[in-house]
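Letter by letter, the chains look like this.
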Amino acid sequence: MSNETETTETILQIERDIMAAIKAKDATALSPLVADDFVYRTHFGAESSKSEFLQSIAAIPIEIHSLRGDELKVNIYGDTAILTGVQRAEARQPEGEMEESAVAFTDVFVQRDGRWVMVLAYGVELPSD
């Protein structure tokens, strides 16, 4: 397996772990996957720090039934990896209605101290079908 293939598989596994932690609303599991200087940014210009992001994940008010990444593509540039894709979720609102959402996203990872961590996430909600 080439180094690039191995790195791609590592990034895809970290992304699966990130999505599993978000689905479980588990900020403790999510924290080591995210760099201390992490930034979450939306197309509205809002930004969240690592602590704000982790707090928002733990406080998600809906029940997430499924969360997955589709159309995932990893590009590697030395100690930086960029993952693009579409995050698809099915969740139940407090009123009991199931809703589906799709968010086009870009996650940026850097290798620090021999391990990959996410330093930036950017998401844009896609129109529903």
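So, a few notes on the structure that sits alongside this text. Within any chain, residue numbers begin from 1 and follow the written order of that chain's sequence. Per-residue local features of the predicted model are confined to residues with pLDDT of at least 70, and side-chain atom pairs are confined, for both listing and counting, to 80 or more; whole-chain, interface and lining totals are unaffected and use all residues. The side-chain quantities take in all heavy atoms of the structure and omit both hydrogens and water.

1. Re the packing of aromatic side chains
The geometry of an aromatic ring pair comes down to the distance between the two centres and the angle between the two planes.
Next, step 1: Think of it this way: a Phe, Tyr or Trp ring, Trp meaning its six-membered ring, pairs with another when their centres are within 6.5 Å, and the plane angle makes it stacked under 30 degrees, edge-to-face over 60, tilted otherwise. In the structure shown here, the tally under the stated rule is 2 aromatic pairs.
Next, step 2: Where Phe-38 meets Phe-53, the ring centres are 4.9 Å apart and the plane angle is 50°; that geometry is what we call tilted. With Phe-38 in strand E1 (residues 34–42) and Phe-53 in helix H3 (residues 50–58), this pair connects stretches of sequence that are 15 residues apart.
Next, step 3: Think of it in three bands: with a 1.4 Å probe and only protein chains considered, a residue is buried below 20% of the maximum accessible area for its type, exposed above 50%, and partly exposed in between. The buried category is assigned to Phe-38, whose relative accessible area is 2%.
Next, step 4: For Phe-53, a relative accessible area of 7% gives the class buried. Strands are runs of DSSP state E lasting at least two residues, helices are runs of H or I lasting at least four, and both sets are numbered from the N terminus onward.

2. Quick notes on unusual backbone geometry
Next, step 1: Positive phi is not limited to glycine here, since Lys-25 has a value of about 55°.
Next, step 2: Within the secondary structure layout, Lys-25 lies in the loop between helix H1 (3–23) and helix H2 (27–30).
Next, step 3: A relative accessible area of 27% places Lys-25 in the partly exposed class.
Next, step 4: If you check the backbone angles, Glu-71 has positive phi at about 55° while not being a glycine.

3. Comments concerning the sheet that holds E1
Next, step 1: An order of E2-E1-E6-E5-E4-E3 is seen for the 6 strands of this open sheet, with the pairing classed as mixed. In the strand order of this sheet, the two ends are held by strand E2 (47–49) and strand E3 (63–77), each with one partner. In this sheet, adjacent strand axes meet at a mean angle of 20° when their direction is disregarded.
Next, step 2: Strand pairing is assigned whenever DSSP detects at least two bridges linking the two strands. As judged from the 13 bridges shared by strand E4 (residues 80–92) and strand E5 (residues 98–112), these two strands associate in the antiparallel manner. Axis geometry follows a simple rule: fit a line to the C-alpha atoms, using only the stretch in contact for helices, then measure angles between N-to-C directions, giving values from 0 to 180 degrees.

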